[in-house]
Amino acid sequence: MGYGHAMTDWTVSVSRDIAADAGELYDLVSDIPRMGEWSPENHTCTWKEGFDSPVVGAEWLGDNVNGEFEWQTEGRVTEAERGQVFAFDAKVGDFVFSKWRYEFEAIDGGTRVTEHTLDLRPEKVKAMGPQMSGVEDRDARTRETMEATLAALAAHAES
């Protein structure tokens, strides 16, 4: 839908129609410390020193949990247009291992929220994934967690 990203070959994309305002949904998604309320894998996110809001360039630390597996990632906001798009890179140091993008589109009765992700890990890093996160099929797991994230977002926004 415009934004010059139509050609991106996303690894996984999911959409959900939610009976809520695009701006309100954007505010929930972009409130990084609340990410753990929606995402089944993210536990907590904390803004890094010097950042306290989701502006482009803002960075945070995220703690992720899957059963007995725990790992930490960093995030950096790459796009922030309220009610339209919120995007960020997930990274370790300077290495961006995935990109995430939420798009908000007004529809009758609410908003269509589409969540995209692009897995940028080299094959050898992907091969180490199961030892790090306990997840064998990352793409299938990602689709599940993204659907769960949008379901949780909808449940909160529509309540």
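Located above this text is the structure these notes cover.
Just so it is clear, the model here is predicted, and its values are computed rather than measured. (Residues numbered from 1 in each chain as written. Predicted model: local features only at pLDDT ≥ 70, side-chain atom pairs only at ≥ 80, totals over all residues. Heavy atoms only, no water.)

## Examining the side chain of Asn-42
Logical step 1: Its place among the elements puts Asn-42 in strand 2 (residues 42–47).
Logical step 2: There is a polar contact of 3.5 Å between the side chain of Asn-42 and the backbone oxygen of Asp-63.
Logical step 3: Among residues more than four places away in sequence, those in contact with Asn-42 are Met-35, Gly-36, Gly-62, Asp-63 and Asn-64. (Helix = DSSP H or I, 4+ residues; strand = E, 2+ residues; numbered from the N terminus. Polar contact = N/O pair within 3.5 Å; in protein donor to acceptor, adjacent residues only side chain to side chain. Contact = heavy atoms within 4.5 Å.)

## A look at the environment of Val-125
Logical step 1: Tracing the sequence through the fold places Val-125 in helix 3 (residues 123–133).
Logical step 2: A residue is classified by how much of its surface remains accessible, and Val-125, at 26% relative accessible area, is partly exposed.
Logical step 3: When the C-alpha atoms of Val-125 and Phe-97 are compared, they prove to be 9.4 Å apart, with 28 residues separating the residues in sequence. (Buried < 20%, exposed > 50% of the residue type's maximum accessible area, 1.4 Å probe, protein only.)

## Details of the nonpolar core
Logical step 1: Of all hydrophobic cores here, the largest spans 30 residues; its most connected members are Ile-18, Leu-25, Phe-86, Tyr-102, Phe-104 and Leu-153.
Logical step 2: When contributions to this core are tallied by element, the ones reaching two or more residues are strand 1 (12–18), helix 1 (22–30), helix 2 (35–38), strand 2, strand 5 (85–92), strand 6 (95–107) and helix 4 (138–158).
Logical step 3: When residues no more than four places from it in sequence are discounted, the contact partners of Ile-18 are Leu-25, Gly-109, Gly-110, Thr-111, Val-113, Leu-150, Leu-153, Ala-154, Ala-157 and Glu-158. (Core = buried A, V, L, I, M, F, W, Y, C linked by side-chain atoms within 4.5 Å.)

## Observations regarding the pairing of strand 6
Logical step 1: Of the pairings in the sheet, the one linking strand 5 to strand 6 comprises eight bridges and is antiparallel in character. Looking at strand 6, one finds that Phe-86 is bridged to Tyr-102.
Logical step 2: A loop of two residues connects strand 5 with strand 6, the two strands running antiparallel in sequence, and Gly-93 in this loop sits at a positive phi of about 60°.
Logical step 3: Pairing of strand 6 with strand 7 (residues 110–119), which is carried by ten bridges, proceeds in the antiparallel orientation. Residue pairing for strand 7: Arg-101 is matched across the bridge by His-116.
Logical step 4: Hairpin connection, strand 6 to strand 7: the antiparallel pair is bridged by two residues, and Gly-109 has positive phi, about 85°. (Pairing = 2+ DSSP bridges.)

## Description of the sheet that holds strand 5
Logical step 1: One open sheet holds the seven strands; their spatial order is 1-7-6-5-4-3-2, and the pairing between them is antiparallel. Unpaired on one side and paired on the other, strand 1 and strand 2 mark the two borders of the sheet. Direction aside, neighbouring strands of the sheet carry axes that sit 25° apart on average.
Logical step 2: With five bridges joining them, strand 2 and strand 3 (residues 59–66) adopt antiparallel strand pairing. When the sheet's bridge partners are listed, Thr-44 is paired in strand 3 with Asp-63.
Logical step 3: Here helix 4 sits on the sheet in contact with strand 1, strand 3, strand 4 (69–81), strand 6 and strand 7, set at roughly 15° to strand 1. (Axes fitted to C-alpha atoms, helices over the stretch in contact; angles between N-to-C directions.)

## Details of the layout of surface pockets
Logical step 1: Taken as a whole, the largest pocket spans an internal volume of roughly 800 Å³.
Logical step 2: Lining the largest pocket are 38 residues; nearest its centre among them are Asn-64, Trp-71, Phe-97, Ser-98 and Trp-100.
Logical step 3: Looking at the lining of the largest pocket, the elements with two or more residues in it are strand 2, strand 3, strand 4, strand 5, strand 6, strand 7, helix 3 and helix 4.
Logical step 4: Broken down by element, the lining of the largest pocket gets its largest block of residues, six residues, from helix 4.
Logical step 5: Looking at the lining of the largest pocket residue by residue, the classes come out as 17 nonpolar, 14 polar and seven charged. (1 Å grid on protein atoms, 1.4 Å probe; cavity = no way out; pocket = protein on both sides within 12 Å on 5 of 7 lines; lining within 4 Å. Points joined across faces, edges and corners; volume = space filled by probe spheres on them. Nonpolar A, V, L, I, M, F, W, Y, C, P; charged D, E, K, R; others polar.)

## Side note on the packing of helix 1 against helix 4
Logical step 1: Taken N-terminus to C-terminus, the directions of helix 1 and helix 4 make an angle of 125°; their axes are 11 Å apart at the nearest point. The angle between helix 1 and helix 4 places the two elements in the oblique class. Along this stretch, helix 1 crosses helix 4, giving a crossing that reads as right-handed. Residues Glu-24, Leu-25, Leu-28 and Val-29 of helix 1 form the contact with helix 4, whose participating residues are Leu-153, His-156 and Ala-157.
Logical step 2: Residue composition of the contact of helix 1 with helix 4, by class: five nonpolar, one polar and one charged. (Parallel < 35°, antiparallel > 145°, perpendicular 65-115°, else oblique. Left-handed = near helix turned anticlockwise from the far one by under 90°.)

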